[in-house]
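Per-entry structural report
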Amino acid sequence: MTGRAQFPDEQSDEGEFKRQADAFRQWVTADGSSGYPAASGRYHLYVSWACPWAHRTIIVRKLKKLESVIGMTVVDPIRDERGWAFREGPGHSLDTVNGFHFLSEAYRAMDSHYRGRVTVPVLLDTGTKRIVSNSDDDLMRMFNQAFDRLTDSRINLYPERLQREIDNLNDFIYENVNDGVYRAGFATSQRVYEKAVRRLFDALDQLDTRLKTSRYLFGETFVETDWRLFVTLIRFDAVYHGHFKCNIRRIIDYPNLFAYL
C-alpha cells in the first residue's frame, strides 16, 4: 500500500504521520500569575463539533458549568484550502465576538509568519485578541481548575491522588488510540500502516480488559482520561473504521468498551 499524505508537512519519509506540536501554550490561572487571570467573559473558545480534540474541551466546559463564563463559537465543519471558516449554518455560526472570517486570522495575528496547520480548539483572550492556547490537553486542565471560584461545579477531573496514574494512562491512550487512529489512517506505506493498526488494536484489547471490572477507567468515578478516550471511541465505527484497509474489528465488537459508551 502507498498513498498520498493528507498533511505533507507532517509526514515522514517512511510514510508515518507525525502530528505537529501545539503552537500556543499560555495558561489561564486562578491567581493571574500567568498574565491571564480567570475571569468571566474574558475568554472565548473556538471549536468544531467534528474534531475530537475540540470535543474534549466542549465536554469539560459543560461539566464544569462554564457556559456563562467562557463563550464559544463553532466553525463550519467543511474546510477548504483556507481552513476553518465562520459561516452561518446548522450547528455553526459567524464569529460575532471577534469578527474573524477564518480562524487563521487569529493565528496570523499571533504570528504573521505562521505556516503550520490551523487547528481547533483555540482559547482566545477577547481583550487583546491574542490566542492563549490551542492545546486541548492544557485547556482541559485550565477548565477543570482555574475557574473554580466562578462556578458551583464540584467535579474534579484531575484528582491529586490519581495524577501520576492519569498522566501515564493519558500518554498510553494518546500514543496508541487517540493519535493511533490517525497514524493508521494517514499512513502512506504498508509497513507503517500495519504497525499502527497492531498498536491500536492491542491497546483496545487492553482497555477492554481494564473496563471488565469497573464502570470507568479508574473505578466508579470518571476523570479526564475517560473523556479523552470517549471522543475517539464514539467516532470509531462511524469515522475511523473506514480508513482501515482490512477486515478488522469495530468498537461494537468490544463488549466492555461498547458498554462504556
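Here the structure is shown first, and the text comes after it.
These lines cover the structure that appears in this document, whether it is placed above or below. A quick note: this is a predicted structure, and the numbers were derived from the prediction, not measured.

**Here we look at helix α3 (residues 136-145)**
Summarising burial for α3: 7 of the 10 residues are buried, a large majority. When we look at burial in α3, the residues that qualify are D136, D138, L139, M140, M142, F143 and N144. For α3, the secondary structure elements touched by its buried residues are β1 (43-47), α1 (52-63), β3 (122-125), β4 (130-133) and α7 (224-236).

**Digging into unusual backbone geometry**
Residue P121 is bonded to the preceding V120 through a cis peptide linkage, with omega at 5°. Looking at the element boundaries, P121 is found in the loop between α2 (104-110) and β3. For K65, which is not a glycine, the phi torsion comes out positive at approximately 55°. With a phi close to 60°, K129 is a non-glycine residue in the positive phi region. Residue placement: K129 occurs in the loop between β3 and β4.

**So, the sheet that holds β3**
The 4 strands are arranged β2-β1-β3-β4 in an open sheet whose pairing can be described as mixed. Either end of the sheet is taken by a strand with one partner, and the two such strands are β2 (71-74) and β4. Strand-to-strand twist in this sheet, taken as the mean axis angle between neighbours without regard to direction, amounts to 35°. Both β1 and β2 contribute to a ladder of 4 bridges, which runs parallel. Bridge assignment links H44 to a residue of β2, and that residue is G71. Across the sheet, α1 is in contact with β1 and β2; its angle to β1 comes to roughly 135°.

**Describing the packing of helix α4 (residues 163-178) against α7**
Viewed as axis vectors pointing N to C, α4 and α7 meet at an angle of 10°, and their least axial separation amounts to 9 Å. Considering their axes alone, α4 and α7 lie roughly parallel with respect to each other. Between α4, through I166, L169, N170, I173, Y174, V177 and N178, and α7, the contact on the second element is made entirely by E224, T225, R228, L229 and T232. Residue composition of the contact of α4 with α7, by class: 6 nonpolar, 4 polar and 2 charged.

Parameters at a glance
Counting of residues starts from 1 at the beginning of each chain's written sequence and follows it residue by residue. The predicted nature of this model means local features are confined to residues of pLDDT at least 70 and side-chain atom pairs, given and counted, to a pLDDT of 80 or more, with totals for whole chains, interfaces and linings taken over all residues. Side-chain numbers come from the whole structure's heavy atoms, not from hydrogens or water. Partly exposed describes any residue whose relative accessible area lies between the buried limit of under 20% and the exposed limit of over 50%, with all areas from a 1.4 Å probe on protein chains only and scaled to the type maximum. Only DSSP runs of H or I covering at least 4 residues are called helices, and only runs of E covering at least 2 are called strands; the numbering of each starts at the N terminus. Whether two residues are in contact is decided by their heavy atoms, any of which lying within 4.5 Å being enough. Two strands form a pair only when DSSP identifies at least two bridges running between them. To define axes, lines are fitted to C-alpha atoms, for helices over the stretch in contact only, and angles between the resulting N-to-C directions are given on a 0 to 180 degree scale. The labels follow the angle: roughly parallel below 35 degrees, roughly antiparallel above 145, roughly perpendicular from 65 to 115, and oblique for the rest. Throughout, the ten residues Ala, Val, Leu, Ile, Met, Phe, Trp, Tyr, Cys and Pro are labelled nonpolar, Asp, Glu, Lys and Arg are labelled charged, and all others, Gly among them, are labelled polar.

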